[in-house]
Structures are given as structure tokens and as C-alpha cells.
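Here is how the chains run, residue by residue.
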Amino acid sequence: MTDIIFNKQLLRNRNVLGGGRSLEEKFLLHYSEMNGKGPAAFVQKSLTSRDLPMLKYFAMNNSGDMTNALRKEVWYTLLNAQLPSTKMNDADSIKPKKHKDEDQVVLDVNRSFGALKNLSQKERLRALLQKMIIKILRKYPQLNYYQGYHDVVSVFVLVFFERLNKNPTFHSIKREECNLLNETMDTDNDVIEPGIANAAETCGDAIDEKDTKFVLDETKLFRCIESFTLLYLRDFMTDSLDFAVDQLKMIPYLIKKMDPELYQILHLDKIEPFFALSDILTIFSHNQKPYEDIGSTEHSIIFFIFDLIISTQSMYIPLIIYANLVVSKKATLLMEYDLNVANFENIPDMVHAIIQKVILTQTIFDDENCWRSLLTEAKINNSLIDLKHIRGMLNPYSVLLTTSVSHHQLELQVYDLPYILELFDKEVVLNEKCKSFSANDRQLFYQGGRSSYNRIFYFFEKHKTIFLIYKLSLFLLVFAITVKILKDGHLKKLVARTYFQRLHHYYGTIIDSSSTRKRLWVDPLSRLFKSAKYSHIPDIPSSL
Amino acid sequence: MSGTAAAGNGKGYDSIMKILLIGDSGVGKSCLLVRFVEDKFNPSFITTIGIDFKIKTVDINGKKVKLQLWDTAGQERFRTITTAYYRGAMGIILVYDVTDERTFSNVKQWFKTVNEHANDEAQLLLVGNKSDMDTRVVTYEQGESLAKELGLPFIESSAKNDDNVNEIFFTLAKLIQEKIDSNKLAGPGNGKDANISINAKDGGSKSNCC
């Protein structure tokens, strides 16, 4: 199974780039045809003609041209195409049962959008955020919520909120809450599903056209979050953060490739890269809030990062960005290292502290040029990803080896929900199996068969049936002996005139003979076999 | 990291203390820390994901002490990651929320985690936060008796009203300092703490950083 996934991906990756240039030309041609009409007209045209490669190309390269009104259409179209909705993920599968993590969700939602000044906006955003997260968790109860997931979802909420913001007759979201479980998941967004209209009526108020628009947008928002969660964030949502830690390990791996010296100096071979945890779990959206004031948010670097992830279908993007960021700050990091080397109790503490100090500063996030080059690097740095090697660093069902592999092909990769859920189930099982392992042991386990220790371990895990056969044959032996005993009457009869008696006889008679004493130790059996019954077997040379 | 400013004046410091804040999600660990380090309060302060690091230099009995403060995520699934930072911690502040019974009953669980992962010499402190709230369900006496049971010093605080926040950090720092001093009396280099403070002095001259 693993091999199939992996080989498929390798094949896909080999198909890269072939037509890249021509798409670029095609893109430029299209773009100039739309001359003067701007990116909105271009996106609109690509949307109506369902030209997904063109949209993908646009999102990869033209983040700066996108307003959030355009962005949400592009994100929706791309994400919806990547994980097309099926009957299975329609409304009937929404579980009304409360998810175990909902209390934690409420705690985190109430601490979201803290920097927003507009109180009513803040309240609306929080209500929408909470609703979306809970809807996802109830629909997929096997997913576990992690602190930081709310930051990722709030990026989507912000992109979709723009229109709500401009709509003064927008109904309070709280009123919408009662619709939560009745609402039909509309996937073809140009049609108003009867379910939605009914649900709205149950709430007692007739909804006007603008509100209908809002409901439809909310459906799109949910589809985006759903698709993004399942295709890109699964690894973080098993019962532990083990697979997230595995992903973090890619950062030292990349830094080593880019700058082996820095890798050595920061002791990245010895320490766990926990310093990057919040940035990877939240795709930078925790430390860099995409809003100060709604309206001025559209050029936030966070949106650009999401544009790139969604269009390249790659969760390597945040990892590559992080590694590049560290390498780009090498001089400052080395200086801090020298200043702090004596100030910390241990190396991991120091490396964490200096990286946090140097990397996570607002000035870096505000440095748009720095980020533009980081994003460009992330786009072209895919060559650093050596899937063969990485395969031994990650669990075989990881998003990084299955549904969000780094690639540049023009066609969108499309996945179906049962396949994704199967992958997640396997991750859950593997997570249980590896729970007592350290990160390094886990890697050994994934490498299965590469190291001798692991070969045995992996063999045991993989070939349980062989051991069953062994057990069965042992059982048969015992069974056969038992039958023999029962047949002959008692155990003594079974062994009486056989091997043991001969052995006893042999030792009893030859022990005095000095000429044979030597041979006694060399090969007692050969002499034994020489006795009448076994005389046809040639003697073994004594030189042995 | 506004604390860096204090250390950046070139005067250096006499010792360094690594202090950790732990406790359930939402009890106010980050709020206490931000109140102490930056003297700010925001009721909707952001969630901590993984581990955050802050620093503040304080004066303890005439000595400049640099406090390295590690703030941790409260959610259970971060436990394996946060416990990695218990190593070498000289002080651990165990926080619960006086308006949330559950966070109080989880204190014993946190105490157990500390015993499993922290140095034996680490100085602990129990803090009941949000003491300003009318919705209190855990009384001062309950907190005090739990602290007695576990053998910890106890403080109730409010990050919102800035009640007892400095006391938390100063009390802990003083207790740690006493331990360091008594370890020194017992013989230099005996305990890990003593080693650290010696190290710290060596590094004092080039301390205008973190």
C-alpha cells in the first residue's frame, strides 16, 4: 500500500515541469488579452471556463494581485477540486454528538482575533470560527483538535469574512447556530439548496437575498476548511503530536542541505526542533496575525503562504520557508549564539531562545522583501526534497508523502474522501503503535529494514503470519509426541530404546578407553552412529 | 522580549534562573507572565502553542537575577513536548484557575508530571489565578490546604488587577536563591543549581543579550 502511494507520487513528480513554460506563456497571453481589466476579470474568466491549471498558476504567482474577494473564490475552486465532495461528506454525515475537544475549542476561540479593535466584528468572527471548527469536529469525530488549528481556520474565516463585513444587513451568526445541524452542505454553490431555505425558516426569520448569499459563502468556507484540514493538516490531528514532531524534523534536514555549517553550530543533529512547533502547526498564522484592522489585511504574507500551499498542494512550503528563514538569519543567529552560549542551562534551551528571538520578531514579518524572496525560494526549492530519504523520516501515510507532496505539475491532484479517511485511520493505528517511541525510534521504525535492529523489529511487525506458522508447527510437534505417548503407553517407552539409551551405553563403555577419549569430545555422535543401526552413515573425519 | 532591555544595559547579572509555568489550558499562565514582564493585561490574550520564552532581570537581595521564563501550552497533547523543557528548571509555577474546579483538581496530575520530569531540587509554587473574579468556585482555604498537602508554597493572584503577580516571581526567585546558597554552603559544585550559578557568573560579562 505504502509502496503504491509512494511510487505514484514519484511518477507524478517526474512528470513535473514538462509544460511549465508553455503554461507560463499561455498565462501571459491570457493575462494580456484581459489587458486593463485586471486580475478580477482574469480570475472570473478562469472560473467560468473551469480552467484549473490557469487558476493554479495564478495563485502560485500572483498573490499580490489578489483581493480577498478573489482569493476566496480561487481557494474554494482549487480546494473543492482537490477533494470533490461525495455523498459521504454531505450533510447526513454530520454527527450531532458533541466532540470531546469542544471545550478546548471554546477556550481558544475566545482568545482569537484579540488584536481586532472592532468589538462586534470580533464577536462575529469568533462565532463563525467556533461554528466552523465544531462543524468539522462533529463531522469527522476521529479528528482531534489541537491548539493552533483555530489559528489556521481563522485565516479562512478572515478571507471569507470580507464580504460579510461589507454587508450591513448581515444576520447575527449566533442566530445561525440553530441551523447548524439542519443545514444541507451545498457543494454546487450556484444553487440554493432547499435544506438551507428550510433551515432559515425554522429560525423564524425570512432571509433576504444578501443573507442567502452569506449562507452560500459560509458553505464554501466550510468546504475550504474541510478540504484543507483533511488534505493538509491530518498529521497534526491524531491522538498525539508525534507526527507533527516528525514533520518538524524536516527543518533540520533542510537546513543541513542548505548550510551544513549552521546545522552543526546550532547542534541541530542533537536537538528536537520544537522551536518551530507553533509556526508549523499554524502555518505561521499564530505568530503573525494576518489582521490588525480588517480591510488592510489583503496583502498579509500569511495569505500569500496559504495561496502557495493550496496552489502547489504542498505542505513542504511552511517547512522550506522556516528552514530558509533560519538560514537567511545565519549571521544574527551566530552572533546571538556567541552571546548566549553561557547563559543557558542546556543547548536546546539556548537554540530555542535565540531562534525565537531572531526569527519570530515582527520586523521580520513586516519585511515584505524578505518574505517575497522566501516565498520564491520555497517555490523553487523543491529540489531539496529527496523523497527517497524523506520516506524514512515520515510515517508512510503522512500528508507529506500522500496528499500534499511537493510538486509542480499543472494538473491538480484529486483525491477522494474514502481514500483520505483510510489514510487517516492508518495514521491513527500507527500512532497508537508508536506511542512509547521517541522521535528517533519512530524514524527507525519508518525506515523498516534499513538498519539491522529495525529489520528485525519491522519483520516481526510485518510478518505476523510467519510467526503464526512457527507457532502452529510447534503445536503440531507437541501434539504428535502426545499422540505417540498415548499410543505406546508411557513416556519411558518412547525414549527407552532410542537415542538416550545408546548415548548412555556409549559413554559407559568408552570412557575408560584412552584411545577414544580424544574423539569423545570431537564427535561423540559419529561414534554413536557407527553402531550397528547407523553403520551405513560414513564416519566423520576426526580432523574436524 | 522586553526583558532584554533590562539586561542590555551592559551591567550583566549575578545569576540565572530557569522558571517554567505549567497548568491547564486557559488558567492564565501567559497573562501572569505578560503582566510580570510587560505590565500589560489583555483578557483575550492569545493561546500558547508549544513553548514561549521570555526574560526579565530582577533584583533579589541586592543581586541581579536574570529570570528565564518558559511559558507552556496547557493542552494535554503538548505534554510530551513541554516536559522536554523541564530539564534544568530551577523553579516551576503550577497555575490553576479559581473559577474552574477542573483546573484545580488537575493540579495533582501536574504535580505528578513535575515529579516525573523535573530535577529533584526544582522549587515549586502553587498559584490560584483569577482571584478577582466573582465566579470563584475554589476557595483560598482549599488552595492552601492542597498546597500544604503537596508541600508547596501557595499564592493567589490576579493578572487582571495585578494582584500578587510580582509576588509570585519574587517569592519563587528568593526560594531558589536560598536553595542555591545552601547548596553552596554544602559544598561548591555539589548540586546542579550551584554549577549553573557559577556558569552564569562566568557569562556575566557578555550578557547583553537574551
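Coordinates for the structure precede this section.
My aim in this report is to walk through the structure given alongside it, one point at a time. Here the structure is a predicted model, which is why all the values come from computation and not from measurement.

Structural notes on the sheet that holds strand β1 (residues 15-23) of chain B
Residues and elements named next belong to chain B. Reading across the sheet, the six strands line up as β2-β3-β1-β4-β5-β6 and stay open at both edges, with mixed pairing between neighbours. Taken across any chain shown, the strands that pair with only one partner, and hence form the sheet edges, are β2 (51-60) and β6 (154-156). In this sheet, adjacent strand axes meet at a mean angle of 25° when their direction is disregarded. Sheet topology note: the strand β4 (residues 91-97)/strand β5 (residues 123-129) ladder contains seven bridges and is parallel.

Overview of unusual backbone geometry
One non-glycine residue, Phe-284 of chain A, lies in the positive phi region at around 70°. Mapped onto the secondary structure, Phe-284 of chain A falls in the loop between α15 (277-281) and α16 (301-312). A positive phi is found at Asn-61 of chain B, a non-glycine position, where the angle reads about 50°. Tracing the chain through its elements places Asn-61 of chain B in the loop between β2 and β3 (63-72). The exposure class assigned to Asn-61 of chain B is exposed, which follows from its relative accessible area of 62%.

Some details on the packing of aromatic side chains
By convention here, two paired aromatic rings are described through the distance between centres and the angle between planes. Following the criterion strictly, the structure yields 24 aromatic pairs over all chains and no others. Aromatic pair Phe-156 of chain A and Phe-306 of chain A: ring centres 5.8 Å apart, planes at 80°, arrangement edge-to-face. With a gap of 150 residues between them, Phe-156 of chain A in helix α8 (residues 149-165) and Phe-306 of chain A in helix α16 connect regions that are remote in the sequence. Just as Phe-156 of chain A is buried, Phe-306 of chain A falls in that class too. Through pairs of rings, three or more aromatic residues link up here, namely Trp-75, Phe-156, Phe-228, Tyr-232 and Phe-306 of chain A. Here Lys-18 of chain B stacks its cationic end above the ring of Trp-70 of chain B, 5.6 Å away from the centre of that ring. Stacked on the ring of Phe-36 of chain B, the Lys or Arg Lys-56 of chain B has its end atom at 5.1 Å from the ring centre.

Focus: the environment of Thr-113 of chain B
All names here are of chain B. With respect to the helices and strands, the residue Thr-113 is situated in helix α5 (residues 107-117). Sequence-wise, Thr-113 and Thr-83 are 30 residues apart; in three dimensions their C-alpha atoms are separated by 8.0 Å. Aside from chain neighbours lying at most four places away, what touches Thr-113 is Arg-79, Thr-83 and Tyr-86.

Structural notes on helix α6 (residues 102-109) of chain A
Along α6 of chain A, the positions that sit buried rather than exposed are Glu-102, Gln-104, Val-105, Asp-108 and Val-109 of chain A. In a view along the axis of α6 of chain A, the buried residues occupy a sector of 155°, so they form one face of it.

Here's the deal with the pattern of salt bridges
All names here are of chain A. Per the counting criterion, the structure on display carries 31 salt bridges over all chains. We note a salt bridge from Glu-73 to Lys-220, for which the minimum N-O separation is 2.9 Å. Here Glu-73, found in helix α5 (residues 68-82), pairs with Lys-220, found in helix α11 (residues 209-233); they are 147 residues apart in sequence, far enough to count as distant. The residues Glu-73 and Lys-220 share a single accessibility class, namely buried.

Quick word on the nonpolar core
One finds Tyr-149, Phe-156, Phe-228, Leu-233, Ile-305 and Tyr-316 of chain A to be the most contacted residues of the largest nonpolar core, which totals 171 residues. In terms of residues, this core owes the most to one element, α8 of chain A, which gives 10 residues. Excluding residues that lie within four positions of it along the chain, Tyr-149 of chain A makes contacts with Ile-133, Ile-136, Ile-225, Thr-229, Leu-233 and Met-237 of chain A. Counting 28 residues, the second-largest nonpolar core is a separate cluster that includes Phe-36, Met-90, Val-165 and Ala-173 of chain B.

Criteria and thresholds
Residues numbered from 1 in each chain as written. Chains lettered and ligands numbered in written order. Predicted model: local features only at pLDDT ≥ 70, side-chain atom pairs only at ≥ 80, totals over all residues. Heavy atoms only, no water. Pairing = 2+ DSSP bridges. Helix = DSSP H or I, 4+ residues; strand = E, 2+ residues; numbered from the N terminus. Axes fitted to C-alpha atoms, helices over the stretch in contact; angles between N-to-C directions. Buried < 20%, exposed > 50% of the residue type's maximum accessible area, 1.4 Å probe, protein only. Phe/Tyr/Trp six-rings, centres within 6.5 Å; stacked < 30°, edge-to-face > 60°. Lys NZ or Arg CZ within 6 Å of the ring centre and 35° of its normal. Contact = heavy atoms within 4.5 Å. Arc of directions from axis to C-beta. Salt bridge = Lys/Arg side-chain N within 4 Å of Asp/Glu carboxyl O. Core = buried A, V, L, I, M, F, W, Y, C linked by side-chain atoms within 4.5 Å.

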